[in-house]
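Coordinate analysis (summary)
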Amino acid sequence: MLTDTARLLAGVGGSLPAVAAFNVITLEYAEGIVAGAERAGLPVLLSISHNAVRFHGGLAPIAAACTALAERASVGVGLHLDHCEDAALVLESADLGFGSAMFDASPLPYELNVSETARVAELGRERGLWIEAELGEIGGKDGAHAPGVRTDPAEAAAFARATGVDGLAVAVGTSHAMTTRTAVPDTELIARIAAAVPVPLVLHGSSGVADDAIRATVAAGIRKINVGTQLSAAYTDALTARLGGGPDPRAALKQAREAIAVTVEHLLQVISTPASASAPVSEAAR
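Residues numbered from 1 in each chain as written. Predicted model: local features only at pLDDT ≥ 70, side-chain atom pairs only at ≥ 80, totals over all residues. Heavy atoms only, no water.

Of all hydrophobic cores here, the largest spans 86 residues; its most connected members are Phe22, Val24, Ile33, Ile48, Val90, Leu168 and Ile225. For this core, the element with the highest residue contribution is helix H11 (residues 250-271), accounting for nine residues. Residues contacting Leu168, with those up to four places away along its chain left out, are Ala133, Glu134, Leu135, Ala156, Phe159, Val197, Val199, Pro200, Leu201 and Val202. (Core = buried A, V, L, I, M, F, W, Y, C linked by side-chain atoms within 4.5 Å. Buried < 20%, exposed > 50% of the residue type's maximum accessible area, 1.4 Å probe, protein only. Helix = DSSP H or I, 4+ residues; strand = E, 2+ residues; numbered from the N terminus. Contact = heavy atoms within 4.5 Å.)

Our next topic: the pattern of salt bridges. What the rule picks out here adds up to eight salt bridges. Among the salt bridges present, the one from Arg39 reaches Glu258, with a minimum N-O distance of 2.7 Å. Of the two residues, Arg39 sits in helix H2 (residues 27-40) while Glu258 sits in helix H11, which places them 219 residues apart along the sequence. In this structure, Arg119 and Glu116 form a salt bridge, with 3.1 Å as the shortest nitrogen-oxygen distance. Placement of the pair is Arg119 and Glu116 together in helix H6 (residues 110-126), with a separation of three residues, close to one helical turn. Classification of Glu116 by relative accessible area gives partly exposed; the value is 26%. (Salt bridge = Lys/Arg side-chain N within 4 Å of Asp/Glu carboxyl O.)

Next up on the list: the pairing of strand E5 (residues 130-135). Counting buried residues in E5 gives six out of six residues, a clear majority hidden from the surface. In E5, alternate side chains face the same way, and those of Trp130, Glu132 and Glu134 on one face and Ile131, Ala133 and Leu135 on the other are all buried. Where strand E4 (residues 100-103) meets E5, three bridges bridge the pair, whose relative direction is parallel. Looking at E5, one finds that Ala101 is bridged to Ile131. Assessed by its sense of winding, the connection that carries the chain from E4 through H6 to E5 is right-handed. (Pairing = 2+ DSSP bridges. Right-handed = clockwise from strand over helix to strand, strands pointing away.)

With their axes 9 Å apart at the nearest point, helix H9 (residues 211-220) and H11 run at an angle of 45 degrees to one another. As summarised for this structure, H9 and H11 are arranged oblique, according to the angle between their axes. Between H9 and H11 lies a crossing of right-handed hand. Here Asp211, Ile214 and Arg215 of H9 come into contact with H11, specifically with His266, Leu267, Val270 and Ile271. For the contact of H9 with H11, a count of residues per class yields four nonpolar, one polar and two charged. (Axes fitted to C-alpha atoms, helices over the stretch in contact; angles between N-to-C directions. Parallel < 35°, antiparallel > 145°, perpendicular 65-115°, else oblique. Left-handed = near helix turned anticlockwise from the far one by under 90°. Nonpolar A, V, L, I, M, F, W, Y, C, P; charged D, E, K, R; others polar.)

Looking now at the sheet that holds E4. Around the barrel, eight strands lie side by side as E1-E2-E3-E4-E5-E6-E7-E8; this closed barrel has parallel pairing. On average, adjacent strands in this sheet sit at an angle of 25 degrees to one another, irrespective of strand direction. Its contacts with the sheet put H6 on E4 and E5, and the angle it makes with E5 is roughly 170 degrees. Its contacts with the sheet place H9 against strand E7 (201-203) and strand E8 (222-227), and it is angled at close to 145 degrees to E8.

Our next topic: unusual backbone geometry. Excluding glycine, residues mostly carry a negative phi; peptide bonds, for their part, are mostly trans. Although it is not a glycine, His83 adopts a positive phi angle of roughly 45 degrees. Looking at the element boundaries, His83 is found in strand E3 (residues 77-84).

It is worth spelling out the packing of H2 against helix H4 (residues 60-72) at this point. Running from N to C, H2 and H4 cross one another at 20 degrees; their axes reach a closest spacing of 10 Å. Relative to H4, the element H2 lies roughly parallel. As for the relative orientation of H2 and H4, their crossing is right-handed in sense. Along the contact surface, H2 presents Leu27, Ala30, Glu31, Val34 and Glu38, while H4 presents Ile62, Ala65, Cys66, Leu69 and Arg72. Residues belonging to the contact of H2 with H4 are distributed by class as follows: seven nonpolar, no polar and three charged.

Structure (structure tokens):
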């Protein structure tokens, strides 16, 4: 079922503590994500980044494939445009059936980040988009995404009021592109931001976070979990293990697609399971 992001997030609570967004690079990714969500019996977001749009030479073809998968899925599936730095592409996503988009103006000075984000949030709302933004830099990327930076709760509250965004990605100790699950999110900081900010909080760089720590971030107030690198690692490992058996790549692609489905099913089950008393927390929370 093709479902708006706003509707999915409105259902957060109880048996659905948070919504997961998984990055789509190719059709096999999208197929694997939907298969994993169906096995878990939980909704999911197909997240297409601005980098993936560049890879495909445009948003429309991969969006059409994701829309077709979402429409025939047995669980709620939403379409999300991630880390988009182009306001025109955000608006195009609405015309292609997307329910949400992250407009990433975090590399800009704070005042420009606020004004540009507010402008895009207003235009997006007019087209029915749930708009996510970012405050504080999340590690693992060049430029604004510097490791070690943390979102200030008071600044986050002011930013949310000034921009009118529907969701906020925060810097709390995670990093993009991690291939080891050793990041320890600052759960005490997450709780303080959640208490100050009236919109759902989003955790980027979740591939670097262990299962119990993911549960702890949800318990602290994270409502949207973004996963990318962990899927690519599973996909690539399965693909390379099977390639070389002949000219037809379908057996290898099928195995890679299945690796994504297994990963997605597991992570959705992790997110939907309450944190245990033994879940690791940051030093600040002890």
